[in-house]
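# Residue-level structural notes
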Amino acid sequence: MGAWSHEPFGNDVANDWADGLEEVNDFSHIEDAFDRVLTAEDYLDADEAQEAIAAAETLAKMLGK
């Protein structure tokens, strides 16, 4: 059963994205999520949006916001 919520990490896509944070020692994983959203042409895939929201939440927590 999948996770569904309005919370930034309340869905499977965001949780899967967060697992990738363990594989890097820099901000590249967060940057990649933002880049995919910022370079979207006509259509933004829901999975890409969910990853970017998770990335924004991660960055905010890292900065103490």
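Higher on the page you've got the structure.
The sections below set out a description of the structure shown in this document. A quick note: this is a predicted structure, and the numbers were derived from the prediction, not measured. (Residues numbered from 1 in each chain as written. Predicted model: local features only at pLDDT ≥ 70, side-chain atom pairs only at ≥ 80, totals over all residues. Heavy atoms only, no water.)

## Looking at a negative patch on the surface
Just so we agree on the cut-off: Only residues whose relative accessible area exceeds 30% and that form no salt bridge are eligible for patches; like-charged ones are grouped when within 9 Å, while nonpolar side chains (Val, Leu, Ile, Met, Phe, Trp, Tyr) are grouped when within 5 Å. To be clear on the numbers: accessible area is Shrake-Rupley with a 1.4 Å probe, and residue cover counts the displayed protein chains and nothing else. Criterion for a salt bridge: a side-chain nitrogen of Lys or Arg within 4 Å of a carboxyl oxygen of Asp or Glu. Under the convention used here, Asp and Glu are negative, Lys and Arg are positive, and both His and the chain ends fall outside the count. Here the site of a charge means atom NZ of a Lys, CZ of an Arg, CG of an Asp or CD of a Glu. Helical segments are the DSSP runs of H or I of at least four residues, strand segments are the runs of E of at least two, and each set is numbered from the N terminus. Type-normalised accessible area, obtained with a 1.4 Å probe on protein chains alone, sets the label of each residue: buried when under 20%, exposed when over 50%, and partly exposed for intermediate values.
A contiguous patch of negative charge, built from D12, D16, D19, E22 and E23, is present on the exposed surface. When you line up the elements, D12 lands in helix α1 (residues 12-19). Overall, D12 belongs to the partly exposed group, its relative accessible area being 38%.

## Description of the side chain of E51
You can see E51 is positioned in helix α3 (residues 46-62). Using a relative accessible area of 18% as the deciding quantity, one classes E51 as buried.

## Overview of the packing of helix α2 (residues 28-38) against α3
Put simply, the rule reads: Every axis in this analysis is a line fitted to C-alpha atoms, fitted for helices over the stretch in contact. Angles between the N-to-C directions lie between 0 and 180 degrees. When an angle is under 35 degrees it counts as roughly parallel; over 145 it counts as roughly antiparallel; between 65 and 115 it counts as roughly perpendicular; any other value is oblique. Each helix crossing is assigned a hand: it is left-handed if the near helix lies turned anticlockwise from the far helix by less than a right angle, otherwise right-handed if that turn is clockwise. Any pair of residues with heavy atoms lying within 4.5 Å of one another is described as a contacting pair. Basically, the charged four are Asp, Glu, Lys and Arg, the nonpolar ten are Ala, Val, Leu, Ile, Met, Phe, Trp, Tyr, Cys and Pro, and anything else, Gly included, counts as polar.
Closest axis-to-axis distance for the α2/α3 pair is 8 Å, and the angle between their directions is 135°. With respect to α3, the axis of α2 lies oblique. In the crossing of α2 with α3, the sense of the turn from one axis to the other is left-handed. Seen from α2, the contacting residues are I30, A33, F34, R36 and V37; seen from α3, they are E48, A49, E51, A52, A55, A56, T58, L59 and M62. Residue classes in the contact of α2 with α3 are distributed as ten nonpolar, one polar and three charged.

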